[in-house]
Amino acid sequence: TTADLETEFDRIVQSDQRIEPRDWMPDGYRKTLIRQIAQHAHSEIIGMQPEGNWLTRAPSLRRKAILMAKVQDEAGHGLYLYSATETLGVDRAELTENLIEGRQKYSSIFNYPTLSYADVGVIGWLVDGAAICNQVPLCRSSYGPYGRAMIRVCKEESFHQRQGFEMLMTMMSGTQAQREMVQESVNRWWWPALMMFGPPDDRSPNSAQSMAWRIKRHTNDELRQRFVDMSVPQAEVLGVTFPDPDLAWNADRGAYDFGEPDWDEFMQVVKGNGATSVERIANRRAAHENGAWVRAAAGAFAARTAASEKE
Ligand code: FAQ
């Protein structure tokens, strides 16, 4: 009966075992996973654009090769995550339609422009840094295909974070103009990076249920705090500051106090009113439409191969 299936589902989740694609799961669990994993996949794919913007202007062959590899890794992450979503019974083509028609979200962070080359380093350091902070606990997510995908994704994101930090270290030991470029970029990205963790806990409608199902392991505010605590010492090593007058060590809490992100700005960006929201989707739509002939050719080839195997 359904009650027995639910009991078994709860037992698996509560004992920290994995739910696998063929296991019974509540509709709400399936829907939540499709929503979160698809949004995550879309973020990886849209997330290729801000840094991709600098591929043609990287200052050396070495920097260009590194950046190209990183952007390609993000494409790989998107494809893994679309595959993980497909195990829940949705089709990747449908997910792409949802993205380009604005029916599904992607991370707010990718709706900001990359105005200087320092942004490449700062995205690696702070954006990949925030992504790792959020995603390491997701390696223990209760849904097997998602948790397993996160393991490889996190390894690659760690490399991305280090390449960003290394690039910034190089710039910080360069000229005064380079140091200013890094600081200016940090000033623009700090608050949007904090927003990546989602709304504050008292305004996060999905957190409680996702935590009970062990899809999420920590609340948005817990992870945001962890990220701030991790980033401040790194900023000191680099020699940059964060644009937050309220940032201060709190010995009682053993953590940094920090200011409130602009949640109105966050809501506007999530609604599709970010500085580059329209451009990001237009680029994705154009890439999809320009790739139609590749999908048609691959489909025709697969059909012909299948037919000749039957003969
Ligand atoms: N942007 O109730 P909650 C990367 C939405 S890393 C846009 O708290 P939840 C790597 C949320 O969907 C970035 N929307 O939601 C990379 C919900 O709306 P809905 C991707 C946001 O799901 C680096 C509503 O607000 N990482 O790509 C955001 O429990 C460099 C209420 O929020 C992931 O997706 C936001 N920041 O918690 C690539 C990680 N925050 O769906 C290239 C996996 C919230 O009900 C270059 N996802 N919303 O219509 C998660 O951990 C969670 O989904 C959260 C949100 C924490 C993002």
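Remember, predicted model here, so these are calculated numbers, not experimental data.

**What about helix α6 (residues 118-135)?**
Phase 1 of the analysis: End to end, α6 covers 25 Å across 18 residues, agreeing with the expected 26 Å (1.5 Å per residue, within 8%).
Phase 2 of the analysis: At Gly124, α6 shows its maximal kink, close to 30°.

**Some thoughts on the packing of aromatic side chains**
Remark: the centre distance and the inter-plane angle together describe each pair of aromatic rings, the angle taken between the planes.
Phase 1 of the analysis: Scanning all chains against the criterion turns up twelve aromatic pairs.
Phase 2 of the analysis: Relative to Tyr29, the ring of Phe9 has its centre 4.9 Å away and its plane inclined at 80°; by these criteria the two rings are edge-to-face. Of this pair, Phe9 sits in helix α1 (residues 2-14) while Tyr29 sits in helix α2 (residues 27-46), placing them 20 residues apart in sequence. Residues Phe9 and Tyr29 agree in their burial class; the two are buried.
Phase 3 of the analysis: Between Arg57 and the ring centre of Trp54, over which it is positioned, the NZ or CZ distance is 4.0 Å.

**A closer look at the site of the ligand**
Phase 1 of the analysis: Around the ligand, the surrounding shell holds 35 residues, and the nearest of these are Gln39, Lys105, Ser108, Ser204 and Lys216.
Phase 2 of the analysis: Within the side chain of Gln39, an N or O atom sits 2.7 Å from an oxygen atom of the ligand.
Phase 3 of the analysis: Between Asn206 and the ligand, the recorded distance is 2.9 Å, taken from a backbone N or O atom to an oxygen atom.
Phase 4 of the analysis: Compared with its free state, where it exposes 1,100 Å², the ligand has 90% of that area covered by protein.
Phase 5 of the analysis: At the level of secondary structure, the elements contributing two or more residues to the shell around the ligand comprise α2, α4 (61-86), α6, α7 (144-172) and α11 (263-273).

**A short note on the side chain of Ser185**
Phase 1 of the analysis: Among the secondary structure elements, Ser185 is positioned in helix α8 (residues 176-195).
Phase 2 of the analysis: Accessibility expressed as a relative area gives 0% for Ser185, which makes it buried.
Phase 3 of the analysis: In contact with Ser185, other than residues within four places in its own chain, are Ser116, Ala118, Asp119 and Val122.

**Looking at the layout of surface pockets**
Phase 1 of the analysis: Taken as a whole, the largest pocket encloses approximately 1,100 Å³ of empty space.
Phase 2 of the analysis: Taken together, 43 residues line the largest pocket, and the ones lying closest to its centre are Gln39, Ser107, Met196, Phe197 and Gly198.
Phase 3 of the analysis: For the lining of the largest pocket, the secondary structure elements donating two or more residues are α2, α4, α6, α7, α10 (220-238) and α11.
Phase 4 of the analysis: By residue number, the principal contributor to the lining of the largest pocket is α6, which donates seven residues.
Phase 5 of the analysis: If you trace the second largest pocket, you find 15 residues lining it, with Ile45, Leu79, Arg92, Arg284 and His288 closest to the centre.
Phase 6 of the analysis: Residue composition of the lining of the second largest pocket, grouped by class: seven nonpolar, four polar and four charged.

**Looking at the nonpolar core**
Phase 1 of the analysis: Ranked by internal contacts, the top residues of the largest apolar core, which has 75 residues, are Tyr29, Trp125, Tyr143 and Phe227.
Phase 2 of the analysis: Dropping the residues within four chain positions of it, Trp125 is found in contact with Gln161, Gly164, Phe165, Leu168, Val186, Ser231, Gln234, Ala235, Leu238, Val240 and Phe242.

**Some words on the confidence of the model for the protein**
Phase 1 of the analysis: With 100% of its residues at a pLDDT of 70 or more, the protein has an overall mean of 97.
Phase 2 of the analysis: Interface confidence for the predicted complex, given as ipTM, is 0.98, next to a pTM of 0.96.

**What about the environment of Met267?**
Phase 1 of the analysis: Note on placement: Met267 falls in helix α11.
Phase 2 of the analysis: Separated by ten residues in sequence, Met267 and Asp257 have C-alpha atoms that sit 23 Å apart.

**Examining the packing of α8 against α10**
In a packed pair of helices, the relevant descriptors are the angle between the two axes and the axis-to-axis distance.
Phase 1 of the analysis: Between α8 and α10, the shortest axis-to-axis distance is 9 Å and the interhelical angle comes to 145°. Where α8 abuts α10, its residues Trp190, Ala193, Leu194 and Met195 lie against Arg224, Phe227, Val228 and Ser231.

**Observations regarding the state of the cysteines**
Phase 1 of the analysis: Tallied over the entire structure, the rule returns zero disulfides.
Phase 2 of the analysis: Unpaired in terms of disulfides, Cys133 finds its nearest cysteine sulfur in Cys154, a separation of 10 Å.
Phase 3 of the analysis: Not engaged in a disulfide, the cysteine Cys139 finds its nearest cysteine sulfur in Cys154; these two sulfurs lie 4.0 Å apart.

**Concerning the pattern of salt bridges**
Phase 1 of the analysis: Overall, the coordinates contain 18 salt bridges when judged by the stated rule.
Phase 2 of the analysis: We note a salt bridge from Arg152 to Glu156, for which the minimum N-O separation is 3.1 Å. Of the two residues, Arg152 and Glu156 are both situated in helix α7; the distance of four residues between them amounts to about one turn of the helix.
Phase 3 of the analysis: Across the pair Arg188 and Glu184 runs a salt bridge, and its minimum N-O distance is 2.8 Å. Remark: Glu184 and Arg188 occur in helix α8; sequence separation between them is four residues, near one turn of the helix.
Phase 4 of the analysis: Relative accessible area serves as the criterion here: at 36%, Glu184 is assigned to the partly exposed category.
Phase 5 of the analysis: Salt bridges here are not isolated pairs; linked through shared partners, they connect Glu51, Lys70, Glu74 and Asp128.

Conventions used here
- Residues numbered from 1 in each chain as written.
- Predicted model: local features only at pLDDT ≥ 70, side-chain atom pairs only at ≥ 80, totals over all residues.
- Heavy atoms only, no water.
- Helix = DSSP H or I, 4+ residues; strand = E, 2+ residues; numbered from the N terminus.
- Expected span 1.5 Å × (residues − 1).
- Bend = angle between axes of the 7 residues up to and from the residue.
- Phe/Tyr/Trp six-rings, centres within 6.5 Å; stacked < 30°, edge-to-face > 60°.
- Buried < 20%, exposed > 50% of the residue type's maximum accessible area, 1.4 Å probe, protein only.
- Lys NZ or Arg CZ within 6 Å of the ring centre and 35° of its normal.
- Near = heavy atom within 4 Å.
- Polar contact = N/O pair within 3.5 Å; in protein donor to acceptor, adjacent residues only side chain to side chain.
- Areas by Shrake-Rupley, 256 points an atom, 1.4 Å probe, with all protein chains shown as cover.
- Contact = heavy atoms within 4.5 Å.
- 1 Å grid on protein atoms, 1.4 Å probe; cavity = no way out; pocket = protein on both sides within 12 Å on 5 of 7 lines; lining within 4 Å.
- Points joined across faces, edges and corners; volume = space filled by probe spheres on them.
- Nonpolar A, V, L, I, M, F, W, Y, C, P; charged D, E, K, R; others polar.
- Core = buried A, V, L, I, M, F, W, Y, C linked by side-chain atoms within 4.5 Å.
- pLDDT = per-residue confidence, 0-100.
- Axes fitted to C-alpha atoms, helices over the stretch in contact; angles between N-to-C directions.
- Disulfide = S-S within 2.5 Å.
- Salt bridge = Lys/Arg side-chain N within 4 Å of Asp/Glu carboxyl O.

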